[in-house]
Amino acid sequence: MNNTEIEKKYLVSSIPFDLSLYDSKIISQAYISVDPVIRIRQLGSEYFLTVKGSGKLSRTEYELEITKKQFDNLTLKSETRFISKIRYYIPQNNGIIFELDVYKHDLDGLLTIEVEFESIDAANAFTAPSWFGRDVTGDPSYTNANLAIAGNSCK
């Protein structure tokens, strides 16, 4: 299955509402490879292997659900540390869902928010709310793969 992910990513310095009002999941992920990007992820009680193409705003993404045993075996092949975060799903009136990541452990204090779009035109037309910080969509320092390599030096 071929999917194109169109996504913008922003830093967040403060959250102007109570996060307990929103659904969330704990995410733990590492990278078997960062070039090409091959990620393993535990999302709640589900496990995934993901391959991502190159690109910043738009890129191809292939995702395969795997078993816990497969996940555990693949962790032995990881070339990065695991990063851990809580992802909050914040629905908007226009059908978009803001995905706020609150990083844990050595990335504690880092907050990012991702917004996925149906088209590049929709992404380019998007106006971020005032509580969003700097747009880091094109900044390779803030890809999760680089955060898994560099740790807290990106904060």
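Residue positions are counted from 1 within each chain, in the order its sequence is given. With the structure being a predicted model, the display of local features is reserved for residues of pLDDT at least 70 and the display and counting of side-chain atom pairs for 80 or more, all residues being used for whole-chain, interface and lining totals. By convention in this description, side-chain values take in all heavy atoms of the structure and omit both hydrogens and water.

Caption draft 1: Up close: the overall build of the chain. Each helix and strand counted, the chain has three helices and eight strands in total. Taken over the C-alpha trace, the chain has a radius of gyration of 15 Å; the compact-globule value for 155 residues is 15 Å, and the two agree within 12%. The classification of residues rests on relative accessible area computed with a 1.4 Å probe and restricted to protein chains. Under 20% of the type maximum is buried, over 50% is exposed, and intermediate values are partly exposed. Here the chain, with 155 residues, has 42% of them falling under the buried criterion. Contacts in the chain between residues at least 24 apart in sequence constitute 58% of all its contacts with a sequence separation of at least 6. Surface accessibility follows the Shrake-Rupley procedure with a 1.4 Å probe radius. Residue values consider only the protein chains on display as shielding. When the accessible surface of the chain is summed, it comes to about 8,500 Å², and 50% of that surface belongs to carbon and sulfur atoms. When charges are tallied, Lys and Arg are placed among the positive residues and Asp and Glu among the negative ones, while His and the ends of the chain are skipped. Charged side chains are reduced to one point each, which is NZ for Lys, CZ for Arg, CG for Asp and CD for Glu. Measuring between centres, the 17 positive side-chain charges of the chain sit 5 Å from its 21 negative side-chain charges. Only runs of H or I of at least four residues qualify as helices and only runs of E of at least two qualify as strands under DSSP, and these elements are numbered from the N terminus. The quantity called the radius of gyration is restricted to C-alpha atoms. Its globule counterpart is 2.2 Å times the number of residues to the power 0.38. We call two residues in contact when some of their heavy atoms are within 4.5 Å.

Caption draft 2: Fine view of the side chain of Glu114. Within the fold, Glu114 resides in strand 8 (residues 111-116). Setting aside residues up to four positions removed in sequence, Glu114 forms contacts with Glu7, Lys8, Lys9, Arg87, Ile97, Phe98, Glu99, Asp101 and Asn144.

Caption draft 3: Fine view of the nonpolar core. As used here, the term nonpolar core means buried Ala, Val, Leu, Ile, Met, Phe, Trp, Tyr and Cys residues forming a set that is joined through side-chain atoms within 4.5 Å. In this structure, Phe98, Leu100, Ile113 and Phe132 are the most contacted members of the largest nonpolar core, which totals 19 residues. Other than its neighbours up to four places away in sequence, Ile113 contacts Lys8, Lys9, Tyr10, Val12, Phe98, Glu99, Leu100, Trp131 and Phe132. Formed by 12 residues, the second largest nonpolar core is a distinct cluster that contains Tyr103, Leu107, Leu110 and Leu147.

Caption draft 4: Spatial organisation of the pattern of salt bridges. One speaks of a salt bridge when a side-chain nitrogen belonging to Lys or Arg is within 4 Å of a carboxyl oxygen belonging to Asp or Glu. Counted by the stated rule, this structure contains 13 salt bridges. With a shortest N-O distance of 3.1 Å, Glu61 and Lys52 are connected by a salt bridge. Between Asp139 and Arg134 there is a salt bridge, with its nearest N and O atoms 3.5 Å apart. Residue Arg134 is classed as partly exposed on the basis of its relative accessible area, which comes to 46%.

Caption draft 5: Seen up close, the side chain of Lys9. Along the chain, Lys9 falls in strand 1 (residues 3-11). A distance of 2.6 Å separates a polar side-chain atom of Lys9 from the backbone oxygen of Tyr142. Here a polar contact is taken to be a pair of N or O atoms separated by no more than 3.5 Å, where protein atoms must pair a possible hydrogen donor with a possible acceptor and residues adjacent in sequence count only if both atoms sit in side chains.

Caption draft 6: Region of interest: the packing of aromatic side chains. Within 6.5 Å between ring centres, the rings of Phe, Tyr and Trp (the latter by its six-membered ring) count as paired, and their orientation is classed by plane angle as stacked under 30 degrees, edge-to-face over 60, tilted in between. Across all of its chains, the model carries 12 aromatic pairs by this definition. For the ring pair Phe17 and Trp131, a centre distance of 5.2 Å and an interplane angle of 90° mean the geometry is edge-to-face. With a gap of 114 residues between them, Phe17 in the loop between strand 1 and strand 2 (23-34) and Trp131 in the loop between helix 2 (120-125) and helix 3 (144-150) connect regions that are remote in the sequence. A relative accessible area of 24% places Phe17 in the partly exposed class. Residue classification places Trp131 among the buried positions, given a relative accessible area of 17%.

Just distances and angles here, no functional claims.
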